[in-house]
Amino acid sequence: MERLLPNQARFAHVPVEAGGGAARGWWDANAADYLAEHGDFLGPADFRWCPEGLREQDMRLLGDVTGRRVLEVGAGAAQCTRWLVARGVDAVATDVSGGMLRAGLALDAAAPGVRTPLVQADARRLPFAGATFDVAFTAFGALPFVPDASVVHREVARVLRPGGRWVFAVTHPLRWAFPDDPGERGLTAIRSYFDRRPYVETDEHGAVAYAEYHRTVGDHVAELVGAGFVLERLVEPPWPEGHDRTWGGWGPVRGALLPGTAIFVCRRADQVPGAGPAAAGPAPGLPAG
Ligand SMILES: C[S@@+](CC[C@H](N)C(=O)[O-])C[C@H]1O[C@@H](n2cnc3c(N)ncnc32)[C@H](O)[C@@H]1O
């Protein structure tokens, strides 16, 4: 384990608990700034999957949610769930950060008649009974900030009904080989795609303040299959023509050449046509725990 020094920003292994536990404090402290920067793009009640701007209204990645019970994990201020609730969908938003959820309450207060169900919860320990949702999703929530994404996948599998759908958007794994820069500098690979060390920021005492984790495409597939899902579709949104808004390392220059987002559309394996009962358990050769 590398030694972490105060006020650093680098790629380094960190103790598992320090990495996953940092998210809540970081998002609490930065909720206001994050929403000041991105809130107008996300809207109070819009469902955008990614900085490329893809909307659920057009993509329908969740399928037909009429009469379905829907769970969002790592929902932030719950713009996506609010959009669903406003359309009469039975949906609940969860997030580990009270600061982000309070911002969600404020968005509800600004929209009379809208009440978005909000629950504070770590996606690794969801406070719901098994088999209570038909669909679960996240747009860049929870998964990038935990060292143990398998735990999230297994929790989601637990609360989904047989055959339930799990859709998650993450930074496209390829991006990790490049600098986090939307311009020309972001077009030259500078580190190995296979280097799994998380990006870490430390506070003035050298404690982990922020950690974001990289998984290769193969890692994502192994983790979701290991949790009992079948991958039905992997969406790599192209940068839309005329879309000139940058978001961190996303923007039109890089977007024209490299994917920025990967959206995994999965289904609990136990009800997938043609999938045998064994598909519901951990994949052969993968650890069960
Ligand atoms: C980039 S935001 C995504 C939310 C929303 N889609 C948005 O764009 O604002 C990431 C969210 O993941 C949440 N998060 C981080 N770790 C989490 C965990 N272990 N469980 C649940 N939520 C978590 C953060 O609190 C934050 O609200």
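Since this is a predicted model, take the numbers as computed values, not measurements. Along each chain, numbering runs from 1 in the same order as the chain's sequence is written. Given that this is a predicted model, residues contribute local features only at a pLDDT of at least 70 and side-chain atom pairs are listed and counted only at 80 or more, while totals for whole chains, interfaces and linings are drawn from all residues. Excluded from the side-chain calculation are hydrogens and water; included are all heavy atoms of the structure.

S.K.: Before we go on, may I ask you to explain the overall build of the protein chain in this structure?
M.R.: Helix and strand counts for the protein chain stand at 7 helices and 10 strands. The principal-axis extents of the C-alpha atoms in the protein chain amount to approximately 50 × 50 × 40 Å. Three exposure classes are used, based on accessible area relative to the maximum for each residue type with a 1.4 Å probe and protein chains only: buried under 20%, partly exposed in between, and exposed over 50%. When burial is assessed residue by residue, the protein chain has 53% of its 289 residues classed as buried. Contacts in the protein chain between residues at least 24 apart in sequence constitute 73% of all its contacts with a sequence separation of at least 6. Here the Shrake-Rupley method, with its probe set to 1.4 Å, supplies the accessible areas, and only the displayed protein chains count as covering residues. For the protein chain, the exposed area adds up to about 12,900 Å²; of that, 55% sits on carbon and sulfur atoms. When charges are tallied, Lys and Arg are placed among the positive residues and Asp and Glu among the negative ones, while His and the ends of the chain are skipped. Where a charge lies is defined by one atom per residue type, namely NZ (Lys), CZ (Arg), CG (Asp) and CD (Glu). Each charge class in the protein chain was averaged separately, 29 positive and 34 negative side chains, and the resulting centres sit 4 Å apart. Only DSSP runs of H or I reaching four residues or more are called helices, and only runs of E reaching two or more are called strands; each is numbered from the N terminus. Working rule for contacts: check all heavy atoms of both residues, and any pair within 4.5 Å makes them a contact.

S.K.: Sorry if this is basic, but what is going on with helix α5 (residues 149–159) here?
M.R.: Along an α-helix, a turn takes 3.6 residues, which lines up residues three or four apart on a common side. Of all the positions in α5, only A149, V152, H153, E155, V156, A157 and V159 are classed as buried. Packing partners of the buried residues in α5 comprise β2 (69–72), β5 (133–139), β6 (160–171), α6 (217–226), β9 (229–235) and β10 (261–268).

S.K.: Is there a simple way to explain the packing of aromatic side chains in this structure?
M.R.: We describe a pair of aromatic rings using the distance from one ring centre to the other and the angle between the two ring planes. Any Phe, Tyr or Trp ring, taking Trp's six-membered ring, that has another such ring centre within 6.5 Å forms a pair; planes under 30 degrees apart are called stacked, those over 60 apart edge-to-face, and the others tilted. Applying the stated rule across the entire model yields 19 aromatic pairs. Here the aromatic rings of F168 and F264 are separated by 4.9 Å at their centres, their planes lie at 10 degrees, and the arrangement is stacked. With a gap of 96 residues between them, F168 in strand β6 and F264 in strand β10 connect regions that are remote in the sequence. When sorted by exposure, F168 lands in the same class as F264, which is buried. Grouping aromatic residues by their ring pairs yields a cluster made of F11, W26, W27, Y34, F41, F145, W176, Y199, Y210 and W247. When the ring centre of F41 is taken as reference, the NZ or CZ atom of R48 above it lies at 4.1 Å. Here, a charge over a ring means that NZ of Lys or CZ of Arg falls within 6 Å of the ring centre while also lying within 35 degrees of the ring normal. Lying across the ring of F11, R191 places its NZ or CZ 3.4 Å from the centre.

S.K.: Looking at this structure, I do not really get the pattern of salt bridges. What am I missing?
M.R.: Once the charged atoms of two side chains with opposite charge are near each other, the side chains can pair. Salt bridge, as applied in this entry: a Lys or Arg side-chain nitrogen positioned within 4 Å of an Asp or Glu carboxyl oxygen. Here the structure, examined in full by the defined rule, presents 17 salt bridges. Among the ionic pairs, R69 bridges to D90, the shortest N-O distance being 3.0 Å. Of the two residues, R69 sits in strand β2 while D90 sits in strand β3 (residues 90–95), which places them 21 residues apart along the sequence. Using a relative accessible area of 26% as the deciding quantity, one classes R69 as partly exposed. According to the relative accessible area criterion, D90 is partly exposed, its value standing at 41%. Across the pair R196 and D219 runs a salt bridge whose closest N-O atoms are separated by 2.8 Å. In this pair, R196 is assigned in the loop between β6 and β7 (199–202) and D219 in helix α6, connecting sequence segments 23 residues apart. Taken together, the shared-partner salt bridges connect D122, R124, R125 and D148 into one network.

S.K.: Explanation requested: the sheet that holds strand β1 (residues 9–11) in the structure shown.
M.R.: Sheets are built from strands paired through backbone hydrogen bonds, the pairs being either parallel or antiparallel. Sheet architecture is open: 3 strands sit in the order β1-β7-β8, paired in antiparallel fashion. Here the strands that pair on one side only, and so sit at the sheet edges, are β1 and β8 (208–212). Ignoring which end each strand starts from, the neighbouring axes of this sheet average 20 degrees apart. DSSP-based pairing: two strands are paired if at least 2 bridges between them are found. Looking at chain direction, β1 and β7 are connected through 3 bridges and run antiparallel. Whenever a helix is involved, its axis is fitted only over the stretch in contact; in every case the axis is a line through C-alpha atoms, and angles between N-to-C directions fall within 0 to 180 degrees.

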